[in-house]
Each structure stands twice: as structure tokens, then as C-alpha cells.
Amino acid sequence: MKEDIQHNLNLINERIENACLRSNRQRSEVQLLLATKTVPAERIKLAFECGELLMAENKVQEIKEKYEVLKSIAHTKHFIGYLQSNKIKDILKYDVSCIQSIDRLDLAEKLNQRLLFENKTMDIFVQVNTSYEDSKFGAKPEETLALVEQLANLEAIRIKGLMTIGLFSSEVEKVRKCFRLLKELQQKIKALKIPNVQVEELSMGMSGDLEIAIEEGATMVRVGTAIFGERIYPDHYYWDESKALK
Ligand SMILES: *Cc1c(COP(=O)(O)O)cnc(C)c1O
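Residues numbered from 1 in each chain as written. Predicted model: local features only at pLDDT ≥ 70, side-chain atom pairs only at ≥ 80, totals over all residues. Heavy atoms only, no water.

Engineer: Is there a simple way to explain the packing of helix 2 (residues 41-49) against helix 3 (residues 60-70) in this structure?
Structural biologist: Two numbers describe a pair of packed helices, the interaxial angle and the distance between the axes. Closest axis-to-axis distance for the helix 2/helix 3 pair is 9 Å, and the angle between their directions is 55°. With respect to helix 3, the axis of helix 2 lies oblique. In this structure, helix 2 crosses over helix 3, and the sense of that crossing is right-handed. Residues Ala-41, Glu-42, Ile-44, Lys-45 and Phe-48 of helix 2 form the contact with helix 3, whose participating residues are Lys-66, Val-69 and Leu-70. (Axes fitted to C-alpha atoms, helices over the stretch in contact; angles between N-to-C directions. Helix = DSSP H or I, 4+ residues; strand = E, 2+ residues; numbered from the N terminus. Parallel < 35°, antiparallel > 145°, perpendicular 65-115°, else oblique. Left-handed = near helix turned anticlockwise from the far one by under 90°. Contact = heavy atoms within 4.5 Å.)

Engineer: Before we go on, may I ask you to explain the environment of Arg-104 in this structure?
Structural biologist: On the secondary structure map, Arg-104 appears in the loop between strand 4 (96-102) and helix 5 (105-117). C-alpha of Arg-104 to C-alpha of Val-126: the two residues are 22 residues apart in sequence and 8.6 Å apart in space. Those residues in contact with Arg-104, other than ones at most four positions away along the chain, are Tyr-82, Leu-83, Gln-84 and Leu-147. Of note is the side chain of Arg-104, whose polar atom sits 2.8 Å from the side chain of Asp-103. (Polar contact = N/O pair within 3.5 Å; in protein donor to acceptor, adjacent residues only side chain to side chain.)

Engineer: I tried to follow the pairing of strand 5 (residues 122-127) on my own but got confused; where do I start?
Structural biologist: Along any regular strand the residues' side chains alternate between the sheet's two faces. Burial analysis of strand 5 places five of its six residues in the buried class, which makes it a mostly covered element. Two elements, strand 4 and strand 5, share three bridges in a ladder whose sense is parallel. Residue pairing for strand 5: Cys-98 is matched across the bridge by Asp-123. Across six bridges, the pairing between strand 5 and strand 6 (residues 157-163) is parallel. Looking at the pairing, Gln-127 lines up with Met-163 of strand 6. In terms of handedness, the path from strand 5 via helix 6 (residues 141-151) over to strand 6 forms a crossover that is right-handed. (Buried < 20%, exposed > 50% of the residue type's maximum accessible area, 1.4 Å probe, protein only. Pairing = 2+ DSSP bridges. Right-handed = clockwise from strand over helix to strand, strands pointing away.)

Engineer: Whenever I open this one, the pattern of salt bridges confuses me. Can you help?
Structural biologist: Pairing of side chains with opposite charge becomes possible as their charged atoms draw close. Applying the stated rule across the entire model yields 20 salt bridges. A salt bridge links Lys-174 to Glu-171; the shortest N-O distance between them is 3.3 Å. Judged by relative accessible area, which is 43%, Glu-171 ranks as partly exposed. Across the pair Arg-176 and Glu-215 runs a salt bridge whose closest N-O atoms are separated by 3.0 Å. In this pair, Arg-176 is assigned in helix 7 (residues 172-192) and Glu-215 in helix 8 (residues 210-215), connecting sequence segments 39 residues apart. Taking the relative accessible area as the measure of exposure, Arg-176 reaches 13% and is therefore buried. One network of salt bridges, in which partners are shared, links Arg-22, Glu-173, Arg-176, Arg-180, Glu-215 and Glu-216. (Salt bridge = Lys/Arg side-chain N within 4 Å of Asp/Glu carboxyl O.)

Engineer: Help me out: how do you make sense of the packing of aromatic side chains in this one?
Structural biologist: Centre-to-centre distance and the angle between the planes together describe a pair of aromatic rings. Under the definition given, this model contains two aromatic pairs. Between Tyr-67 and Tyr-94 the ring centres are 5.2 Å apart and the planes differ by 70°, which places this aromatic pair in the edge-to-face class. Highlighted residues: Tyr-67 in helix 3 and Tyr-94 in the loop between helix 4 (88-91) and strand 4, separated in sequence by 27 residues. Judged by relative accessible area, which is 11%, Tyr-94 ranks as buried. (Phe/Tyr/Trp six-rings, centres within 6.5 Å; stacked < 30°, edge-to-face > 60°.)

Next up, the structure:
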């Protein structure tokens, strides 16, 4: 129901606002991104009607299935899931404006080739595995600078930021360390002044840890459960497709 979603959005926006206040940041510095995996298109539309128009999916298949219903309301769509190179051609059909999950050169090269072929460009974030968990995708922190330098040579790709999933832990300081690491990497990349690289965006923080992420500099928080409710699939189904499919 729309009332429920509006209520949840109010709560999330309050949490974002309070975190901004605490950390002396402007509310306008932090964007809310709707993480819509498993959420039916009709429910996503309700969130659009409440004025939240930035969404992201984890699977190309879901983008495809929801595309027709969602296209009646102008919105912005990102991709935050594990991208298989055989899905690149597909993902370019559905108005995705940013892929936040680029974490390896060979994938980026294939994406670049296809973009050049279609005469398009794509914004990307580099996903970093700041928690060093095997179960998570993302470039290793110590490999991120070199990766960004290589990605900068790909002419159809525009590097706009970094993305990470924080450690799942009730120990705040361990979670904070992940976000702090992403911010440090951003500062190091900026200091390199690489042509064609602008890493202004820090996509970090979810339903459970968005306050910590905002305190550490997030410019975009990705929220699913706290808006749409619990999902039936376990998250590793989305984050570790390679294993989930075996
Ligand atoms: C599902 C997902 C989110 C949102 O997680 P919630 O805990 O439901 O808010 C954020 N980022 C990514 C990459 C996700 O897959």
C-alpha cells in the first residue's frame, strides 16, 4: 500500500536528515536510492509516486521484467548487482544510467567495446570489497587505484564514484572501518588527478547502517528492506550469483 511506503520513506528520510545534522552535512549531499530487487514493479511505482525517483536493480532479468510498467514515470535507474559479461548487451537496452558494480578490468573492457559499438557512454562506480569477505564482490582495496587508472583509458566509460557494501556486523566500529576505507580510497584517487576520472560519489550504507555511512561521507545510500519490507531470497542469492547458481 502507498501509505506504508510513504510512511517508511518518511522514516528513512528522517534518519538521513538526522545523520546529516550530526555530521554537519547538508541533506542535499546525500541521495536516497531505492534498492528494488524482488520488489514488484507496481510497488516500486508507489515509491516513485511518493517522489523518490532513483532506483537500482541487481539483475538484468528484473530490469527487463519491470521495464514496461515503470517507464510511464520518468526515473533514474542504476545497476548494483553482479554483472556477468554475457549480460552487457542486454543491460544497455533498458536506460540504465550508471553501473555501480564494476570491479574488474575485463568486464569494463567488454562494456567499453559494446558502448563504442553502440555509440553510447556509461557512468560507472567502482565496487570495492572493503570488508574483505570472500562472499562479496568488489575489487580489493589495495588493487583499486591501479584498476581506476586502467579504467580511465576506456573512452566510453565515465568513472563517477566508488561503491561498497559494509561488513554485516553489529559492531559499529568494524562497519565504520569499511566506509572510512572507501572514503580514503576516494581521496587517494582524487590526489592522482587522473584525466577522465571524477570520483565524487560514494555509494555506501543500506537499511541497517546508513547513519554510519553518512557520517563517513556517503553521497548515496541504497535502501531496500526498510522501505519495501523483508525479501524472501537470502542476499547471497544476489551478491554471489556464481555460488547461488551452482
Ligand atoms: C539489496 C541491496 C541493498 C539494500 O539492502 P537493504 O538492507 O535491503 O537496505 C543495497 N545495496 C546492494 C548492493 C544490495 O544488493
